[in-house]
Amino acid sequence: MWGGRFAEATDALVQAFNASIDVDREMALEDLDGSIAHATMLGEQGIVEPDEAAALVAGLRALRHEVEAGEVAWSVALEDVHMNLERRLTERLGPLGGKLHTARSRNDQVATDFRLAVRARSHRLIALLRELRGVFVALAERDLDVILPGYTHLQVAQPVRLGHHWLAYFEMLSRDQARLEDSLARLDVSPLGAGALAGTGFPIDRHRTSELLGFREPAANSLDAVSDRDFALEFLSAAAIAAMHLSRLAEELILWSSQEFGFIELPDSHTTGSSIMPQKKNPDVAELIRGKTGRVYGALVGLLTVMKGLPLAYNKDMQEDKEGVFDAAATLAVCLRLTADMLPKTRVRAERTRHAAGRAFSNATDLADHLARGGLPFREAHEAVGKLVAIALSEGVDLQDLPLERLRSVAPQLDDAVYRVLDVESVVDARDSYGGTARERVVEQIARARARLAPEAPAAGAARDAGDAP
C-alpha cells in the first residue's frame, strides 16, 4: 500500500490504531459514486483510454452491487474504505484497477465522500423534520380547544390553548429544517480533483466531476477543499439545536405525564414498566431523547476540538471527523422518528388541564388589565390585584371564587362583569394579538403552518436510509 518507501512492516497495534475502516465503510456507496464520476472524467479527458474508463466504471458498478448485498469483506490491513474498494476493484480488473487513482489523492477522495455522506444525512433529517412539523400541525388542530396552564419559571403564568403550545414546536422545528437546508448551500461544492493539497498536473475537468456528483460547483481552493470540515461542523450545529428542541419537548412530556401534573398519558407502546414496582409506567422514550441530546452535543464539541489547532492542509487528526457526525445523524433521526410516532398516540386529559389552567391565579393579569381599561394606571391596578391575590391565598380560594364585595373592598370600581373577565376561556381568548393564544389567532397560525408545509416537496435523496437507528 505504501510502495517502496518503508523497509519495516507496520506494527500491528499501529495498524489497528491507524485504520478507519470500521467507521468510513459507511461511506462505501459514496466512495464508489465518486470513483465512477472520476473514472468517467478520466476517459472523457483522454487521461485513460475510453475502453479503460468504461471497464473501470463497469467494475465499480458491479462492486456497488456487492456492497449493497453485503458481500464485501472489509480488511483492517487496508486501513480505510478507499483502499479496500480499490483492492477489490484491482482483484476484479487486474492492473487496470490501479489506474483509477490517477490524478486523485485520498485527501480529496475522502473530503468528497464525506460531503456526499453529510448531504444524504441532511436530506434524511430534513424529511423527518418536515414529517414531525406536520404532526404538530395535526395536533394543534386536534387540541385547539384544550386549555392548559402556560408557565414561566415553571410556575403557572397564564392559560394557553394546547394547540398554541404545539405550534411553538412547529416554529422551532421549522427553523431547524431551515438551518439544515441553508447548510446544504455551503456544502454543495466538490473537493474532487483538489489532490493531496495543491491540485494536479493532469488535464482533469473538475467541473465535470462536480456535475456528475450533483454538486453546484468545484471547490475554488485546493487547500481549503481537502483541509476544512466546516460543512460537518455546520451540520452538527444544526443537529445539536434540533436535538435541544426535542429534549425540551421530552422534558415537558415527562413532567406532564407524572401523577403530580397528570395532563397526558403516554402510549404503552412508547413507555416501559418497572421490574419491581408493578404500578409504574415510565416515560423511557422521552427520557432517552432527552439524554441522547448529549451525544449530539458531544459530537459537535468533539469535532470543534479536533479542528481547532490544525495547520493546513490535511492532518490525520481529521480521521476523527466522521464517527461523531454519523452517530449524531443516526441519533437525531431515531429521536425524530420516535417523537413523530409517539405524539399522535398520546392521550390528553383535557378536564385536568383546564382545571389546572384556572387555578394558581393564572387570571390575575387579566384582572389588572380590566382595571387598567377602566382608567386605573396599570401599576396601581397591578398593586390592587396583588392585594386581592393575597386575600384569596389567605382564604384558600382563587380570584374567581372571591365574592364581589370582597373584590370591591380593594377595587370598588368592579362589578359583576369581572367574573366573565376571570373565566378561563375569556382569559385565553383575550390574548388576541398577532401570534397570541386566542382561538381565532391559533386558527390563523394553523392555516399559516399548513400553507408553509404544502409547497415543500419531499427532500431529494430522503428515501435513502441514512441512519434511522443509534
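See above for the structure.
What counts, and at which threshold
- Residues numbered from 1 in each chain as written.
- Predicted model: local features only at pLDDT ≥ 70, side-chain atom pairs only at ≥ 80, totals over all residues.
- Heavy atoms only, no water.
- Helix = DSSP H or I, 4+ residues; strand = E, 2+ residues; numbered from the N terminus.
- Rg over C-alpha atoms; globule rule 2.2 N^0.38 Å.
- Buried < 20%, exposed > 50% of the residue type's maximum accessible area, 1.4 Å probe, protein only.
- Contact = heavy atoms within 4.5 Å.
- Areas by Shrake-Rupley, 256 points an atom, 1.4 Å probe, with all protein chains shown as cover.
- Lys, Arg positive; Asp, Glu negative; His and termini not counted.
- Charge placed at Lys NZ, Arg CZ, Asp CG, Glu CD.
- Phe/Tyr/Trp six-rings, centres within 6.5 Å; stacked < 30°, edge-to-face > 60°.
- Lys NZ or Arg CZ within 6 Å of the ring centre and 35° of its normal.
- Axes fitted to C-alpha atoms, helices over the stretch in contact; angles between N-to-C directions.
- Parallel < 35°, antiparallel > 145°, perpendicular 65-115°, else oblique.
- Left-handed = near helix turned anticlockwise from the far one by under 90°.
- Patch = residues over 30% accessible without salt bridge, like charges linked within 9 Å, V, L, I, M, F, W, Y side chains within 5 Å.
- Salt bridge = Lys/Arg side-chain N within 4 Å of Asp/Glu carboxyl O.
- Core = buried A, V, L, I, M, F, W, Y, C linked by side-chain atoms within 4.5 Å.
- Pairing = 2+ DSSP bridges.
- Expected span 1.5 Å × (residues − 1).
- Polar contact = N/O pair within 3.5 Å; in protein donor to acceptor, adjacent residues only side chain to side chain.

What follows is about the overall build of the chain. When helices and strands are counted, the chain shows 19 helices and six strands. A compact globule built from 470 residues should have a C-alpha radius of gyration of about 23 Å, whereas the chain, at 30 Å, is more than 25% larger. The buried share of the chain, reckoned over its 470 residues, is 50%. Here the contacts in the chain between residues at least 6 apart in sequence split such that 76% fall between residues at least 24 apart. By element, 54% of the accessible surface of the chain is carried by carbon and sulfur atoms, the whole surface being about 22,000 Å². Positive and negative side-chain charges of the chain, numbering 54 and 70 respectively, have mean locations separated by a distance of 2 Å.

For the structure shown, the criterion picks out eight aromatic pairs. Judged by centre distance (5.7 Å) and plane angle (20°), the rings of Phe136 and Tyr169 are stacked. Placement of the pair is Phe136 in helix H6 (residues 106-142) and Tyr169 in helix H7 (residues 162-187), with a sequence separation of 33 residues. When its relative accessible area of 1% is taken as the criterion, Phe136 is described as buried. Residue Tyr169 is classed as buried on the basis of its relative accessible area of 6%. Positioned above the aromatic ring of Phe215 is the side chain of Arg119, whose terminal nitrogen or guanidinium carbon lies 4.9 Å from the ring centre.

As a further point, take the packing of helix H11 (residues 284-307) against helix H12 (residues 321-342). Relative orientation of the contacting elements H11 and H12 amounts to 155°, with a least axis distance of 9 Å. One finds that H11 runs roughly antiparallel with respect to H12. Crossing angle aside, the handedness with which H11 passes H12 is left-handed. Here Val285, Ile289, Lys292, Arg295, Val296, Ala299 and Leu303 of H11 come into contact with H12, specifically with Asp321, Gly324, Val325, Asp327, Ala328, Thr331, Cys335, Leu338, Thr339 and Met342.

Another aspect to go through is unusual backbone geometry. A cis amide bond links Leu312 to the next residue, Ala313, at an omega of 10°. Mapping Ala313 onto the fold places it in the loop between H11 and H12. The residue Ala103 is not glycine, and still its phi comes out positive at about 65°. By secondary structure assignment, the location of Ala103 is in the loop between helix H5 (81-93) and H6. Judged by its relative accessible area of 8%, Ala103 is buried. The backbone of Leu154 shows a phi angle near 60°, a positive value even though the residue is not glycine. As for its position among the elements, Leu154 is in the loop between strand E1 (147-152) and strand E2 (155-161).

The grouping of Leu197, Leu223 and Leu312 at the surface amounts to a nonpolar patch, some 270 Å² of accessible area in total. Of note, Leu197 is situated in the loop between strand E3 (189-190) and helix H8 (206-212).

Under the definition given, this model contains 42 salt bridges. Two residues, Arg106 and Asp80, come together in a salt bridge whose shortest N-O distance is 2.5 Å. Here the residue Arg106 occupies a position in helix H6, and Asp80 occupies one in the loop between helix H4 (50-68) and H5, the gap between them amounting to 26 residues. A relative accessible area of 5% means that Asp80 is categorised as buried.

Our next topic: the nonpolar core. One finds Leu132, Phe136, Trp166, Val325 and Leu343 to be the most contacted residues of the largest nonpolar core, which totals 82 residues. For this core, the elements supplying multiple residues, two or more each, are H6, H7, helix H10 (230-256), H11, H12 and helix H19 (439-453). It is H10 that contributes the most residues to this core, 16 residues altogether. Non-local contacts of Leu343, meaning those with residues more than four positions away in its chain, are made with Leu132, Val135, Phe136, Leu139, Arg142, Trp166, Leu249 and Leu253. Ala364, Ala384, Leu399 and Val418 belong to the second-largest nonpolar core, a separate cluster that totals 20 residues.

A separate point is the pairing of E2. Moving residue by residue along a regular strand, the side chains alternate between the two faces of the sheet. Sheet analysis places E1 next to E2, joined by five bridges and oriented antiparallel. Across the sheet, Pro149 pairs through a bridge with Pro159, a residue of E2. Taking the residues that link successive antiparallel strands as the turn, the E1-E2 hairpin has two residues, and the phi of His153 there is positive, at about 60°.

Compared with the 27 Å implied by 1.5 Å per residue over 19 residues, the 27 Å span of H4 between its first and last C-alpha is a close match. Within H4, the full set of buried residues consists of Glu52, Ala53, Leu56, Val57, Gly59, Leu60, Leu63, Arg64, Glu66 and Val67. Of the surrounding secondary structure, the elements contacted by the buried residues of H4 are helix H3 (28-44) and H5.

Here we take up the side chain of Arg133. Within the secondary structure, Arg133 is located in helix H6. At 2.9 Å, the side chain of Arg133 and the side chain of Glu456 are in polar contact. Excluding residues within four positions of it along the chain, Arg133 makes contact with Phe170, Leu173, Ser174, Gln177, Arg452, Leu453 and Glu456.

Turning our eyes to something else, we now look at the packing of H4 against H5. The interhelical angle for the contact between H4 and H5, taken along N-to-C directions, is 120°, at an axis separation of 10 Å. Between H4 and H5, the crossing angle belongs to the class labelled oblique. Between H4 and H5 the crossing geometry is right-handed. Judged by residue contacts, Ala55, Leu56, Gly59, Leu60, Ala62, Leu63, Glu66 and Val67 of H4 engage Leu85, Arg88, Leu89, Arg92 and Leu93 from H5.

Moving on, we come to the environment of Leu402. Here Leu402 lies in the loop between helix H15 (378-395) and helix H16 (404-408). The class for Leu402 is buried, based on a relative accessible area of 1%. A sequence separation of 276 residues divides Leu402 from Ile126, and the C-alpha atoms of the two residues are 52 Å apart. Non-local contacts of Leu402, meaning those with residues more than four positions away in its chain, are made with Leu388, Ile391, Ala392, Glu395, Val397, Leu407 and Tyr419.

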